[in-house]
Amino acid sequence: MDDNSFDYHFPFDIPRRGQREVCKRIVNAYKSGKKYVVLQAPTGSGKSVISHTVASYFANSDMETFVLTSQKGLQDQYVKDFVDTTYPVETVKGAANYRCDLDKKRSCAVGVCKVSKGLKQPCNCPYVKARNKVYKNSTVSILNYTYFLNMSALTIKQRADAMPEDKILQKKRGLLVIDECHNLESELLTWAGLEISVKKFKEQDLKCPKLPNKNESEKQIIKWVEGSLTTNLTNQYNKLMASIATMDADDPNARKESMRAEFISTLISSTERLLEQHEQGVPVSVNNTQLGSITVKPLKAASYADEFVFDFGEQVLLMSATVLNIKQFCSDNGLDRKDVEYIEMPCLFPKENRPIYDVSGKVGKINYNTMATVKPKIKTFVQRILKQHKGERGIIHTQSYDLANYLLEELNDPRLFVPKGINRDVEIQRFLADDEYSDGVLLSPSLTEGIDLNGDLGKFCVICKAPFASLGDPFVKKRHEIDPQWYQIETLRKLIQSAGRVTRSETDKSVTYILDPAVSYLLKNNVKYVPSWFYDAIKVVK
């Protein structure tokens, strides 16, 4: 790729600094024979624009591109961002995200054409229409991880059974782009895992299968999944589908029954994937410590990432702001380091525009044993920060809902908003768009990614506690025992991603505050993995 070629394929008028050079390096790496390119680029550097430029370049050679992202909202954003470009982006989601053309109370996952025989009228299925656009008319398409993995598993099974293949993944794409690739392993583990929860069954007004006793062994739990759980789920699903088939379109229970069937169908797919991986020798982790819930999932994804992901692209571009340790990343995702071209993009945002103030020396040690006594100090500092940023929007990362709810109740500040529940993303967008909350502050343990607080939407960020995963989780404990470095890197990723919700461009300005001394220790002990642009912005306040 030369300058003329870059200018032709770049989708907008003026590139940001660094984008031209990075696009050239990516294309040249593929031309030199590399299949994999891993790009570490800071938040706000325009990774989606970089990937679209590379996709456009290869489209001239009749190469089609799939982009994978972890969130459905980001799928829609991609489509919106590139709607007026040479290669607009098409997208498709799971059938449950579309309403049946013949019965709006049902999703397409359990639509009329799925359960009724001898239809007298054609079904103009919106899900099928979206799929057709992707495999018939689109050069660049974006899917979420879960949908892609479901389709790749289906395609692999169809090939093994010599059946006609699903058209979505019937052929390899010339370029497979994996956005937020630091999440790839966790997405694979969750997809191949299983969670059975009494609470979730109750929400669907369904009877939960009997759970194993807490003292049962891993072998006994796998046997339970293979036997009674599979039988129970299959029976429930068959009864629900038989009931749906007899319902009229105006039946008030149609939508509820459809949601139940979708819920059970998802669990059946999860059990099948889990057992398949277990049969192939992939070790699993069992969390049977929570009352009324059990989670079983593979311990590592390296052995099946290639089959279900990388095999579907001739060339693969993996992008994230927080790869951090390329050797660890390759190991976790089953890549051979010598097959990978690793590109690190510097941060071109002035550090004066994004200072990170470490005030943890004034707060004191924050952990499980000290939390009760240190909470008032955290409250005092958050109160000061809110006062200092009066009239401004911001975000406060708490690491737990317990701390978030404590601050919400104790501060009693109408500026604070804790988004929760299945409509969380919609609530956040309403909150950010509402002029009444022009100084509103998000308060949450789970907004470390996927939210862009650019400009006046995010003038400050508070990190109350180092985002270490709980070692009380059997999966985390087991992975930590196998690889302590994995635990450190995962925490660093969450920390840097948390701070990256603000300061999203070269002219953007914001301030980040760190309240937990454990963050300082984490950074010092892993300094070789911390991007210099992040470390250089830290100022310790004595």
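Residues numbered from 1 in each chain as written. Predicted model: local features only at pLDDT ≥ 70, side-chain atom pairs only at ≥ 80, totals over all residues. Heavy atoms only, no water.

A.B. asks: Help me out: how do you make sense of the overall build of the protein chain in this one?
C.D. replies: Secondary structure summary: the protein chain contains 20 helices and 17 strands in total. A compact globule built from 542 residues should have a C-alpha radius of gyration of about 24 Å, and the protein chain, at 24 Å, falls within 12% of that. Over its C-alpha atoms, taken along the principal directions, the protein chain stretches across nearly 75 × 60 × 50 Å. Put simply, the protein chain has 542 residues, and 52% of those count as buried. (Helix = DSSP H or I, 4+ residues; strand = E, 2+ residues; numbered from the N terminus. Rg over C-alpha atoms; globule rule 2.2 N^0.38 Å. Buried < 20%, exposed > 50% of the residue type's maximum accessible area, 1.4 Å probe, protein only.)

A.B. asks: Whenever I open this one, the packing of aromatic side chains confuses me. Can you help?
C.D. replies: Any two aromatic rings considered together are summarised by their centre-to-centre distance and by the angle between their planes. For the structure shown, the criterion picks out 20 aromatic pairs. Ring geometry for Trp191 and Phe308: centres 5.1 Å apart, planes at 65 degrees, overall edge-to-face. Of this pair, Trp191 sits in helix α8 (residues 184–191) while Phe308 is found in helix α12 (residues 305–308), placing the two residues 117 residues apart along the sequence. We note that Trp191, like Phe308, is buried. Members of the aromatic cluster, joined through ring pairs, are Phe6, Phe10, Phe12, Tyr78 and Phe82. The side chain of Lys297 reaches across the aromatic face of Phe475, ending 4.2 Å from its centre. The ring of Phe431 has Arg393 lying over it, and the distance from NZ or CZ to the ring centre is 5.8 Å. (Phe/Tyr/Trp six-rings, centres within 6.5 Å; stacked < 30°, edge-to-face > 60°. Lys NZ or Arg CZ within 6 Å of the ring centre and 35° of its normal.)

A.B. asks: In this structure, what is going on with unusual backbone geometry? I would like to understand it.
C.D. replies: Only a minority of non-glycine residues have a phi that is not negative, and only a minority of peptide bonds are not trans. Look at Asp62: it is not a glycine, yet its phi comes out positive at around 60 degrees. Inspection of the secondary structure assignment puts Asp62 in the loop between α3 (47–59) and β2 (65–69). The residue Asp205 is not glycine, and still its phi comes out positive at about 60 degrees. Considering the arrangement of structural elements, one finds Asp205 in the loop between α9 (198–203) and α10 (218–245).

A.B. asks: Just to check I follow, could you spell out the pattern of salt bridges for this structure?
C.D. replies: Close approach of charged atoms lets side chains of opposite charge pair. Scanning the model with the defined rule gives 19 salt bridges in all. For Arg479, the salt bridge identified is with Asp332, shortest N-O distance 3.5 Å. One end of the pair, Arg479, is in helix α17 (residues 474–482); the other, Asp332, is in helix α13 (residues 326–332), with 147 residues separating them in the sequence. For Arg479, a relative accessible area of 1% corresponds to the buried category. Note on Asp332: relative accessible area 3%, which makes it buried. A salt bridge links Asp439 to Arg415; the shortest N-O distance between them is 3.7 Å. Taken together, the residues Asp439 in the loop between α16 (424–433) and β14 (441–444) and Arg415 in the loop between α15 (401–411) and β13 (416–417) connect sequence positions 24 residues apart. One salt-bridge network, held together by shared partners, links Asp3, Asp7, Arg20 and Lys24. (Salt bridge = Lys/Arg side-chain N within 4 Å of Asp/Glu carboxyl O.)

A.B. asks: Is there a simple way to think about the pairing of strand β7 (residues 284–287) in this case?
C.D. replies: Looking down a regular strand, the side chains alternate between one sheet face and the other. Side chains Val284 and Val286 project from β7 onto one buried face, and the interleaved Ser285 and Asn287 project onto a second face that is buried too. Where β7 and strand β8 (residues 293–298) come together, four bridges link them in antiparallel fashion. Among the inter-strand pairings, Val286 is bridged to a residue of β8, identified as Val296. Where β7 folds back onto β8 in an antiparallel hairpin, the turn is made up of five residues, including Gly292, whose phi is positive at roughly 75 degrees. (Pairing = 2+ DSSP bridges.)

A.B. asks: I keep staring at the sheet that holds strand β5 (residues 173–178) and nothing clicks. Help me out?
C.D. replies: Neighbouring strands of a sheet are bound in pairs by backbone hydrogen bonds; such pairs are parallel or else antiparallel. Spatially, the seven strands line up as an open sheet ordered β3-β4-β2-β5-β9-β1-β10, and their pairing is parallel. One side of each edge strand has no neighbouring strand; the edge strands of this open sheet are β3 (89–91) and β10 (340–344). Here the strands of the sheet are splayed against their neighbours by 20 degrees on average, with no regard to which way each runs. In the sheet, β2 pairs with β5 via four bridges, with the strands oriented parallel. By the bridge assignment, Phe66 is partnered in β5 with Leu176. Contacts from α3 reach β1 (36–40), β2, β3, β4 (140–144), β5 and β9 (313–320) within the one sheet, and its direction differs from that of β9 by about 165 degrees. (Axes fitted to C-alpha atoms, helices over the stretch in contact; angles between N-to-C directions. Contact = heavy atoms within 4.5 Å.)

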